[in-house]
Amino acid sequence: MKRKAVVLSSGGIDSTTCVAAAIEKCRKKNVSSVSVYYGQRHRIELDKAKLIAEYYGIDHYELDLTEIFKYNKTCSLLSQTNIEVEKSSYEEQLKKSDGKPVVTYVPFRNPLFIAAITSLAMSIYPNEKVDVYLGIHQDDSGAAYPDCSPQFNKAMAKAVRLGSGGLVRLVSPFVDCKKADIVKYGLEHNVPYEHTISCYDPDEYGRACGKCGTCIDRLKAFEANGAKDPIDYKE
Ligand SMILES: [Zn+2]
């Protein structure tokens, strides 16, 4: 019997490519996606994740973890903070932050998401073997996002395996890849990148800013593949 798969889908290119990778491996009928609302300023990523699930014809779930993050005052991605989103590359931001996590780091977000999704996976597929797919990759690792590092990922994978009695396995197909490699895989597999959004500061029409760290990374990844990013940018 094929394993089931639950993919953390946040409407961006990494997680959307992960949806495609999970479908390729486990077949469409065995795959679900889930997105998490955690009080982020822009709900557009949740709409995109839903759109992508509809595109592929898979079940989609939404979790709400806003209660946990509502006390935060330091992360620029959360709606209650009025911190402006940095318009520079991660390299420049890390220089400024003196190696500490960047201002878009949501405190301990990934482990919380992974725990919640593992729990969800065991509820929607009881007593079945499930792979929980994550789109983490090399460019996210290290100081900018410590909870995306390969070391963290390895430790969390062990925790998930032990805590689920061996039923759930953490799968990060792109953990050793650069973003450009992910886009390469996605272009080869016709991933609908026109339905994705990566920007941390889109305008009211949902157009990407083209200047924040994640926009810069995204544009570079398409360029490295000699491809044009199909989404709209403000300028
Ligand atoms: Zn942007």
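Before going into details, it helps to say that this report is about the structure given with it.

**Topic: the packing of helix H7 (residues 179-188) against helix H8 (residues 213-224)**
The geometry of a pair of packed helices is captured by two quantities: the angle between their axes and the separation between those axes.
Then, in step 1: Taken N-terminus to C-terminus, the directions of H7 and H8 make an angle of 60°; their axes are 8 Å apart at the nearest point. Relative to H8, H7 is oriented oblique. Viewed along their axes, H7 and H8 form a crossing whose handedness is right-handed. Residues Lys179, Ala180, Val183 and Leu187 of H7 form the contact with H8, whose own contacting residues are Asp217, Arg218, Ala221, Phe222 and Ala224.
Then, in step 2: Of the residues assigned to the contact of H7 with H8, the class counts are six nonpolar, no polar and three charged.

**Some remarks on the coordination of the zinc ion**
Then, in step 1: Protein coordination at the zinc ion comes from Cys199 (SG), Cys209 (SG), Cys212 (SG) and Cys215 (SG), with a distance range of 2.3 to 2.4 Å.
Then, in step 2: Bound by four donor atoms, the zinc ion shows angles of 102 to 118° at the metal and therefore tetrahedral coordination geometry.
Then, in step 3: Going along the chain, you hit the donors of the zinc ion in the pattern C-x9-C-x2-C-x2-C. For the residue pair cysteine 209 and cysteine 212, the accessibility class agrees, reading buried in each case.

**A word on the packing of aromatic side chains**
Then, in step 1: Within the structure shown, the criterion is met by five aromatic pairs.
Then, in step 2: Residues phenylalanine 174 and tyrosine 185 carry aromatic rings whose centres are separated by 5.6 Å and whose planes lie at 65° to one another, so their mutual orientation is edge-to-face. You can see phenylalanine 174 sitting in the loop between strand E5 (168-171) and H7 and its partner tyrosine 185 sitting in helix H7, a full 11 residues away along the chain. Here phenylalanine 174 matches tyrosine 185 in class, with each residue buried.
Then, in step 3: Aromatic ring contacts, followed pair by pair, group Tyr38, Phe69 and Phe113 into a single cluster.
Then, in step 4: Sitting above the plane of the tyrosine 37 ring, arginine 43 keeps its charged end 4.5 Å from the centroid.

Reading the values: the criteria
- Residues numbered from 1 in each chain as written.
- Predicted model: local features only at pLDDT ≥ 70, side-chain atom pairs only at ≥ 80, totals over all residues.
- Heavy atoms only, no water.
- Axes fitted to C-alpha atoms, helices over the stretch in contact; angles between N-to-C directions.
- Helix = DSSP H or I, 4+ residues; strand = E, 2+ residues; numbered from the N terminus.
- Parallel < 35°, antiparallel > 145°, perpendicular 65-115°, else oblique.
- Left-handed = near helix turned anticlockwise from the far one by under 90°.
- Contact = heavy atoms within 4.5 Å.
- Nonpolar A, V, L, I, M, F, W, Y, C, P; charged D, E, K, R; others polar.
- Donors = N, O, S within 2.8 Å, 3.2 Å for Na, K, Ca; no water.
- Tetrahedral: all angles 85-135°; square planar, octahedral: opposite > 155°, others 65-115°.
- Buried < 20%, exposed > 50% of the residue type's maximum accessible area, 1.4 Å probe, protein only.
- Phe/Tyr/Trp six-rings, centres within 6.5 Å; stacked < 30°, edge-to-face > 60°.
- Lys NZ or Arg CZ within 6 Å of the ring centre and 35° of its normal.

Nothing here speaks to function; it is geometry throughout.
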